[in-house]
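Spelled out, the chains give:
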Amino acid sequence: MLVLGLAAVLSGVYGIQRSRALAQVRVEMETLLRQPAFRPPTFTAPEKLVRMFPQQPDISVFVDGLYQHAHKSGIRNLEVQTLPTKDRGPRVTGRKDEKAKKTMQALPLRIVMEGTYRNIAEYMRLMQNDERFTRVVELEIQPGKDLLRATMTLEIFSIAGQNAS
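Throughout, a residue's number is its position along its own chain's written sequence, starting from 1. Predicted model: local features are reported for residues with pLDDT of at least 70 only, side-chain atom pairs are reported and counted for 80 or more only, and whole-chain, interface and lining totals are derived from all residues. Only hydrogens and water are set aside; all other atoms, that is, all heavy atoms of the structure, feed into the side-chain values.

Side note on the overall build of the protein chain
At step 1: Every helix listed is a DSSP run of H or I at least four residues long, and every strand listed is a run of E at least two residues long, numbered separately from the N terminus. Scanning the protein chain from N- to C-terminus turns up four helices and four strands.
At step 2: Seen in sequence order, the protein chain has helices and strands lined up from the N terminus as α-α-α-β-β-α-β-β.
At step 3: Put simply, the protein chain has 165 residues, and 21% of those count as buried.
At step 4: Residues are treated as being in contact if the distance between any of their heavy atoms lies within 4.5 Å. Taking the intrachain contacts of the protein chain between residues at least 6 apart in sequence as the baseline, contacts between residues at least 24 apart amount to 75%.
At step 5: All accessible-area figures derive from a Shrake-Rupley calculation using a 1.4 Å probe, and residue coverage is judged against the displayed protein chains alone. In the structure as shown, the protein chain presents an accessible area of about 12900 Å², 56% of it carried by carbon and sulfur atoms. Buried, partly exposed and exposed residues are distinguished by accessible area as a fraction of the type maximum, computed with a 1.4 Å probe on protein chains only: under 20%, between the cut-offs, and over 50%, respectively.

Below, the structure written as structure tokens:
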């Protein structure tokens, strides 16, 4: 009899504690459901395109990023030169009502750098991970005294036109 009484008391205490714990879990779930969920920022397709192909060339910002990548990857003696653009303007159709349209403008750059093969590969990986679209037109690597000398010609793009800005 004593064992049955003790078992009944212990199971009653256990049941009360269990119901309290469940009530606390329910309260916490309700508060979590009321809070706005954290979501990483999402970009729509036009926002991504504007980041890849900005309306202004912003060459100085891009070149600054190139120098930061060079520092991170261990590149030495980085030189960046702007080259003349090959401007392909909008086609003229002869219509009077047609306004100037937005066109894609390619801005060529030449980069000369020195480093090991791994430094150059890391530099290109960092460039690849940039938000801005970059097209490598030419890459030439030549042996030097201690380091390799790489010459890279690349193009960055921006949207040019009357309503671009």
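Quick look at the packing of aromatic side chains
At step 1: Only Phe, Tyr and Trp rings take part, Trp by its six-membered ring, and two of them pair if their centres are within 6.5 Å. Stacked means planes under 30 degrees apart, edge-to-face means over 60, and tilted covers everything else. Tallied over the entire structure, the rule returns one aromatic pair.
At step 2: Judged by centre distance (5.7 Å) and plane angle (40 degrees), the ring pair of F133 and F157 falls under tilted. Taken as a pair, F133 in the loop between α4 (117-128) and β3 (134-143) and F157 in strand β4 (residues 148-160) lie far apart in primary sequence, 24 residues in all.

Some points on helix α3 (residues 59-73)
At step 1: With 15 residues, α3 ought to run about 21 Å at 1.5 Å a step, and its terminal C-alpha atoms sit 21 Å apart, in line with that.
At step 2: Buried within α3 are the following residues: F62, V63, G65, L66, H69, A70 and S73. Taken end-on, α3 shows its buried residues confined to a sector of 155 degrees, consistent with a single buried face. Those residues of α3 that are exposed and angled more than 90 degrees off the buried face are S60, V61, H71 and K72. Helix span, as expected, comes to 1.5 Å for every residue beyond the first. Summarising the geometry, the arc corresponds to the directions from the helix axis toward the C-beta atoms.

Focus: the layout of surface pockets
At step 1: Put plainly, a pocket is an open set of points on a 1 Å grid over the protein atoms alone with protein on both sides within 12 Å along at least five of seven lines, a cavity is a set where a 1.4 Å probe fits but cannot get out, and a lining residue has an atom within 4 Å of a point. Grid points are joined across faces, edges and corners, and a volume is the space filled by probe spheres set on the points. By volume, the largest pocket is sized at about 240 Å³.
At step 2: When residues are sorted by character, Ala, Val, Leu, Ile, Met, Phe, Trp, Tyr, Cys and Pro go into the nonpolar class, Asp, Glu, Lys and Arg into the charged class, and all the rest, Gly among them, into the polar class. For the lining of the largest pocket, a count of residues per class yields three nonpolar, three polar and five charged.

Let's talk about the side chain of S158
At step 1: Its location among the elements puts S158 in strand β4.
At step 2: Not counting residues up to four positions away in its chain, the partners in contact with S158 are P54, Q55, Q56, P57, T103, M104, Q105, L107 and R132.

By themselves, these are just geometric observations and shouldn't be taken as functional.
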